[in-house]
Structure formats: structure tokens, C-alpha cells
Amino acid sequence: TTASMAVVSLATEQDRAQAAKDAVLGAMVVPTGKSYGLPLLVDLNIAVFLAMVFAGLGFIAFDGDDLIRWGGNYGPALMQGQIFRLVTSLFVHGGVMHLLNNMYGLVIAGLFLNTAQPNWRMILCYLITGLGGSIAGAMLHPAIVSVGASGAILGLWGVLLGLALFGDARLAAQKNVILINGAGFAALTVIIGAFT
């Protein structure tokens with residue numbers, strides 16, 4: 001009976017571990033009434049990328065002209081009144097590595113932020129910080145096609161780091177993990193940006 005209780009206990013632990021993994025995966029990609037902010041952002045970024053792939057534009061990297069056609073931020077187009085590009089460019093990525101890096105940053109920041117800024121607040125932070133990044137990019141480099149969620153995600157990391165560093169009790173226990181992951185994402189963003 002002791003052996004059978006141990007087997008039942010092990011099975012229960014495995015079930016709990018699997019349920020926890022499923023919950024985390026669900027929190028990242030499946031919008032629910034309780035958790036929809038992060039999944040909607042992730043799903044929209046991935047959906048735009050897949051639409052570009054299935055349109056036959058590539059996978060590893062996309063051409064600049066295609067990025068402009070799909071809503072990339074581009075100074076001359078902005079000057080023609082296509083202001084929507086300041087937002088649409090936040091969901092267009094230059095290729096698969098660009099997308100994967102940004103989704104890593106978004107998911108990690110989003111999972112931490114879910115406790116402090118869930119759902120509509122996270123979406124609002126994403127859009128406001130991304131819009132700021134798009135405007136800055138267009139002003140500093142108007143002739144360069146700019147795409148990707150990096151500005152929005154770095155903005156989310158800024159919000160997250162601000163909350164963690166200034167003592168938000170909901171994030172106090174994860175402060176060191178937040179700092180390490182934030183530094184890692186920032187470094188990857190700089191490295192990928194230098195090569196694209």
C-alpha cells in the first residue's frame with residue numbers, strides 16, 4: 001500500500017506539473033476572460049508574420065518593399081499621411097529571428113506584468129510605448145523602414161523594471177529574475193538590431 005500511495009503521489013505531482021505548464025502556455029497564447037492581454041499581443045504578432053509567410057514573402061527575412069506594403073514605419077509614407085504605420089509597424093517583423101526574439105521578450109515581460117498590469121493595461125502600455133518608439137524611429141531615421149515590437153516590448157520592460165525597482169510588492173520576490181531577463185532581452189535586441 002505504501003508503494004501504491006507513492007505511485008499515486010508521483011502521478012499527482014506529474015499531473016500538477018503538467019497543469020502548471022498548460023496554464024503558462026495558455027496564458028501566453030489562448031485569450032480567456034481572465035487573461036487576454038498577453039495572448040492577444042502574442043497572437044497578433046504571430047498572425048501577421050504567418051500571413052506574410054503564407055503570402056509567399058519568405059520566412060528567414062522579408063524585403064524592405066514588402067515590409068512597407070505590410071505596414072512598416074517609413075518616413076516618406078508618414079509624410080504622405082499614412083500615420084497608421086506608427087501602430088501597424090509594431091506587429092510586423094523583419095523575419096523569423098526578429099519575431100522569436102521579440103516574442104521571447106514579450107512573453108517574459110508579459111508573464112511578470114500580468115500580476116501588476118493585466119489585460120487592457122498591458123495592451124495600453126504596449127501601444128503607448130510602441131507608439132513612442134515608432135515616433136522616435138521616424139524622427140531619427142526617416143529613410144529607414146522600421147518594423148517590430150521591440151520599442152513596445154522595451155517599453156513594457158521599462159514599466160516592469162520601474163515597478164520592480166521602486167518596490168511594487170506584487171513583483172518584489174521576482175526582482176532579480178526580472179533584472180536578469182530584462183538585461184538579456186535588451187542585449188539580444190541590440191545584437192539582432194546591429195545585424196539587420
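Residues numbered from 1 in each chain as written. Predicted model: local features only at pLDDT ≥ 70, side-chain atom pairs only at ≥ 80, totals over all residues. Heavy atoms only, no water.

1. What about the packing of helix 7 (residues 120-140) against helix 8 (residues 150-165)?
Argument step 1. As a packed pair, helix 7 and helix 8 sit with axes 7 Å apart at the nearest point and diverge in direction by 120°. Taken together, the axes of helix 7 and helix 8 are oblique relative to one another. Of the two possible hands of crossing, helix 7 and helix 8 adopt the one that is right-handed. Seen from helix 7, the contacting residues are Met122, Cys125, Tyr126, Thr129 and Gly130; seen from helix 8, they are Gly151, Ala152, Ile153, Gly155, Leu156 and Val159. (Axes fitted to C-alpha atoms, helices over the stretch in contact; angles between N-to-C directions. Helix = DSSP H or I, 4+ residues; strand = E, 2+ residues; numbered from the N terminus. Parallel < 35°, antiparallel > 145°, perpendicular 65-115°, else oblique. Left-handed = near helix turned anticlockwise from the far one by under 90°. Contact = heavy atoms within 4.5 Å.)

2. A closer look at the packing of aromatic side chains
Argument step 1. Inspection of the entire model under this criterion finds three aromatic pairs.
Argument step 2. Three or more aromatic residues link up through ring pairs in this structure, and these residues are Phe49, Phe59 and Phe62. (Phe/Tyr/Trp six-rings, centres within 6.5 Å; stacked < 30°, edge-to-face > 60°.)

3. Some words on the side chain of histidine 98
Argument step 1. By the secondary structure assignment, histidine 98 is in helix 6 (residues 96-113).
Argument step 2. Residue contacts for histidine 98: discarding those within four places in its chain leaves His93, Val147, Gly148 and Ser150.

4. Considerations on the environment of alanine 77
Argument step 1. Mapped onto the elements of the fold, alanine 77 is located in helix 4 (residues 75-79).
Argument step 2. Once residues within four sequence positions are removed from consideration, alanine 77 is found in contact with Gln82 and Arg85.

5. Overview of the nonpolar core
Argument step 1. Formed by 35 residues in total, the largest nonpolar core has its most connected members in Leu106, Tyr126, Leu156 and Leu160.
Argument step 2. Mapped by element, the contributors of at least two residues to this core are helix 2 (37-54), helix 6, helix 7, helix 8 and helix 9 (175-195).
Argument step 3. The biggest single contributor to this core is helix 6, with eight residues.
Argument step 4. Not counting chain neighbours up to four residues away, the residues in contact with tyrosine 126 comprise Leu41, Asn45, Leu90, Phe91, Leu106, Ala149, Ala152, Ile153 and Leu156. (Core = buried A, V, L, I, M, F, W, Y, C linked by side-chain atoms within 4.5 Å. Buried < 20%, exposed > 50% of the residue type's maximum accessible area, 1.4 Å probe, protein only.)

6. Observations concerning unusual backbone geometry
Argument step 1. A positive phi angle, near 50°, is found at asparagine 119, a position not held by glycine.
Argument step 2. Relative to the assigned elements, asparagine 119 resides in the loop between helix 6 and helix 7.
Argument step 3. By relative accessible area, which is 10% here, asparagine 119 ends up buried.

7. Brief notes about the pattern of salt bridges
Argument step 1. On inspection of all chains with the given rule, the structure shows two salt bridges.
Argument step 2. Here arginine 69 makes a salt bridge to aspartate 66, at a shortest N to O gap of 2.4 Å. Remark: aspartate 66 and arginine 69 occur in helix 3 (residues 64-69); sequence separation between them is three residues, near one turn of the helix.
Argument step 3. For aspartate 66, a relative accessible area of 9% translates into the label buried.
Argument step 4. Between arginine 170 and aspartate 168 there is a salt bridge whose closest N-O contact spans 2.6 Å. (Salt bridge = Lys/Arg side-chain N within 4 Å of Asp/Glu carboxyl O.)

8. Remarks on helix 9
Argument step 1. Here helix 9 spans 31 Å end to end across 21 residues, near enough to the 30 Å set by a 1.5 Å rise per residue.
Argument step 2. Within helix 9 the residues assigned to the buried category are Ile178, Asn181, Gly182, Phe185, Thr189 and Ile192. Buried residues along helix 9 cover an arc of 105° about the axis, so they all sit on one side. Looking at helix 9, the residues exposed on the side facing more than 90 degrees away from the buried face are Asn176, Ile180, Val190, Ala194 and Phe195.
Argument step 3. Residues of helix 9 that are buried sit in contact with helix 6 and helix 8. (Expected span 1.5 Å × (residues − 1). Arc of directions from axis to C-beta.)

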